[in-house]
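Summary of structural features
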Amino acid sequence: MVRSIKNPKKAKRKNKVAKKGDGSSSSSIPSLPTKVWQPGVDKLEEGEELQCDPTAYNSLHAFHIGWPCLSFDIVRDTLGLVRNEFPHTAYFVAGTQAEKPSWNSIGVFKVSNISGKRRELVPNKPSNDDEDVDSESSDSDEDSDDDEEGRSGTPILQLRKVAHQGCVNRIRAMTQNPHICASWADTGHVQVWDLRSHLNALAESETIVGQGAPQVSNQSPLVKFGGHKDEGYAIDWNPITTGRLVTGDCNSCIHLWEPASDATWNVDPNPFIGHSASVEDLQWSPTEPDVFASCSVDGHIAIWDTRVGKSALTSFKAHNADVNVISWNRLASCLLASGSDDGTFSIHDLRLLKGGDSVVAHFEYHKHPVTSIEWSPHEGSTLAVSSADNQLTIWDLSLEKDEEEEAEFKAKTREQVNAPEDLPPQLLFIHQGQKDLKEFHWHAQIPGMIVSTAADGFNILMPSNIQNTLPQDAI
């Protein structure tokens, strides 16, 4: 699996991330028949470029914190369990991939005033008289609507930095105590950090703190473990037992961390061994505090129980290439998703393991390695996938092709576009525009929000067709 960011360069403040999507032609140019553009299939002619269609998003913003980040995590906050109203605020931790080891840091940051506009799921088709309206007036009308709703403006980024020796391969915040974070370094060390003071300072601040680059804090980690024989990427906090952690390395070893107190851990020096190659990802069961899953370059997924020794309960061939990432469905705990180096991703029903083949769905849409996969925390049938083809795709596995429903939709919108026949009906959305896309996460407290990181920075996106189905009284 190719993990490092290609040619890391510090982002320049004036650079803007170019978004890709269906563009709208100027009114002075004769309109051509509308066509669905397929990434990886259709080619751009010389002089052509793709432009983002803002109406495809309820919210879309881009930002960076300096050096590119291979990994980040969304920090759980106290602003509300289910938040649907703009503007939004979110907290993050991220680890940099700097040019020199001593230049790396953990970024602790807050993004506030995340504006947006909730759009109609089925837009009204304009009449023929309205189709000739100049595009600039349409844009200004939309902007004025946003202003009236109080949802416009630029997001505010507030950043604090903690020095970190070496590049951060992966970083994760603990769900139960979000100020506690664990980082995997390319030096081969796993470190646990207490970032409480930084998060508190960000929470108390309403404006941008200071001018220019933020100062880097030289803070010591709570724990620095050097027992792994190689660097690694696999790390996961237990969602049930507070403080329990597993870490896996490129030498195929997995170590279990048990909390001794709020600030100390006992790391078992005897690793779990079963894979024949690098352990790429780890996921605790959402319902069983002693059970976790691992995936490996050897193409296998293994299920482990910490109570019954250092060998896997079961191991099965999941892909014909490296298994890069896995995600355990927290709303349907029998389902485990996996993404491979060959671009495929699969859904496994763990109840079928005894019978042999556990695969209940398999997709070959992406043609480059899958870099991240994650189930939606709000919809048990929805998951997202990112790939080295620089696409972030969203899927709803409950969907099937329905020709009658499609005909009804086209009649309602007077839509004349025919979608390509080879697109899977489960494919809901394609987000593009980032270069060297590495990782993304759903926001557990803001339904429909996804945050992604790439070589050219972060994106915050809320696709307009990913609707929140939670009851309003749950807010």
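This is a predicted model, so every value here is computed, not measured.

**Considerations on the nonpolar core**
In this structure, Ile65, Phe92, Phe109, Val451 and Phe458 are the most contacted members of the largest nonpolar core, which totals 19 residues. Put simply, the parts of the chain that give this core at least two residues each are β2 (69–75), β3 (88–96), β4 (105–114) and β30 (457–463). Not counting the four nearest positions on each side in its chain, Ile65 is found in contact with Ala94, Gly107, Phe109, Leu157, Leu159, Lys161 and Phe458. Counting 16 residues, the second largest nonpolar core, distinct from the first, contains Ala361, Tyr365, Ile373 and Val385.

**As for the sheet that holds strand β18 (residues 300–305)**
Sheets are built from strands paired through backbone hydrogen bonds, the pairs being either parallel or antiparallel. The sheet built from four strands is open, its strands ordered β16-β17-β18-β19 with antiparallel pairing. Taken across any chain shown, the strands that pair with only one partner, and hence form the sheet edges, are β16 (279–284) and β19 (314–317). Strand-to-strand twist across the sheet, computed as the mean angle between neighbouring axes with direction ignored, equals 20 degrees. Bridge count for β16 against strand β17 (residues 291–296) is five bridges, and the pairing is antiparallel.

**Description of the confidence of the model for the protein chain**
Low-confidence regions, as indicated by low pLDDT, have predicted coordinates that should not be scrutinised in detail. Averaged over every residue, the pLDDT of the protein chain is 86; residues scoring 70 or more account for 80%. Low pLDDT (under 50) marks residues 13–28, which in the prediction has 30 contacts with non-local residues, meaning those over four places away or in another chain. Between residues 126–150, whose pLDDT stays under 50, and residues either more than four places distant or in other chains, the model counts 16 contacts.

**Observations concerning the packing of aromatic side chains**
Throughout the structure, instances matching the rule amount to 19 aromatic pairs. For the ring pair Phe345 and Phe363, a centre distance of 5.0 Å and an interplane angle of 20 degrees mean the geometry is stacked. Residue Phe345 is located in strand β22 (residues 345–349), and its partner Phe363 is located in strand β23 (residues 359–363); the two are separated by 18 residues in the primary sequence. Just as Phe345 is buried, Phe363 falls in that class too. On the basis of an interplanar angle of 50 degrees and a centroid distance of 4.9 Å, the ring pair of Phe363 and Trp395 is categorised as tilted. Remark: Trp395 occurs in strand β26 (residues 392–396) and Phe363 occurs in strand β23; sequence separation between them is 32 residues. Each of the two residues, Phe363 as well as Trp395, counts as buried. Following the ring pairs from residue to residue traces out a cluster consisting of Phe63, Phe72, Phe92, Phe109 and Phe458. It is Lys310 that lies over the ring of Phe272; its NZ or CZ is 4.4 Å from the centre.

**Details of the pattern of salt bridges**
This structure, assessed with the given rule, holds eleven salt bridges. Between Asp268 and Lys310 there is a salt bridge, and its shortest N-O distance comes to 2.4 Å. Of this pair, Asp268 sits in the loop between β14 (265–267) and β15 (272–273) while Lys310 sits in the loop between β18 and β19; the two residues are 42 residues apart in sequence, bridging distant segments of the chain. Take Asp268: its relative accessible area is 23%, and that puts it in the partly exposed class. Taking relative accessible area as the criterion, Lys310 reaches 28% and is therefore assigned partly exposed. Here the salt bridges share partners, and the residues they tie into one network are Arg244, Glu258, Asp290, Asp305 and Arg307.

Scoring rules and cut-offs
- Here the residue index of a chain counts from 1 through its sequence in written order.
- In keeping with the predicted nature of the model, local features appear solely for residues at pLDDT of at least 70, side-chain atom pairs appear and are counted solely at 80 or more, and the whole-chain, interface and lining totals rest on all residues.
- Side-chain descriptors were evaluated using all non-hydrogen atoms of the structure, hydrogens and water having been removed beforehand.
- Here, nonpolar core refers to any group of buried Ala, Val, Leu, Ile, Met, Phe, Trp, Tyr and Cys residues whose side-chain atoms link them within 4.5 Å.
- Between buried and exposed lies partly exposed: a residue is buried under 20% and exposed over 50% of the maximum accessible area for its type, with that area taken using a 1.4 Å probe on protein chains only.
- Helical segments are the DSSP runs of H or I of at least four residues, strand segments are the runs of E of at least two, and each set is numbered from the N terminus.
- Contacts: residue pairs with any heavy atoms within 4.5 Å of one another.
- Two strands pair if DSSP finds at least two bridges between them.
- Only the contacting stretch of a helix is used when fitting its axis, a line to C-alpha atoms as for every element, and angles between N-to-C directions run 0 to 180 degrees.
- The pLDDT score gives, residue by residue, the confidence of the prediction method on a 0 to 100 scale.
- The pairing test for Phe, Tyr and Trp rings, Trp by its six-membered ring, is centres within 6.5 Å, and the orientation test on the planes gives stacked under 30 degrees, edge-to-face over 60, and tilted for anything in between.
- Definition used: whenever NZ (Lys) or CZ (Arg) falls within 6 Å of the ring centre and also within 35 degrees of the ring normal, the charge is taken to sit over that ring.
- Salt bridges are counted wherever a side-chain nitrogen of Lys or Arg sits within 4 Å of a carboxyl oxygen of Asp or Glu.

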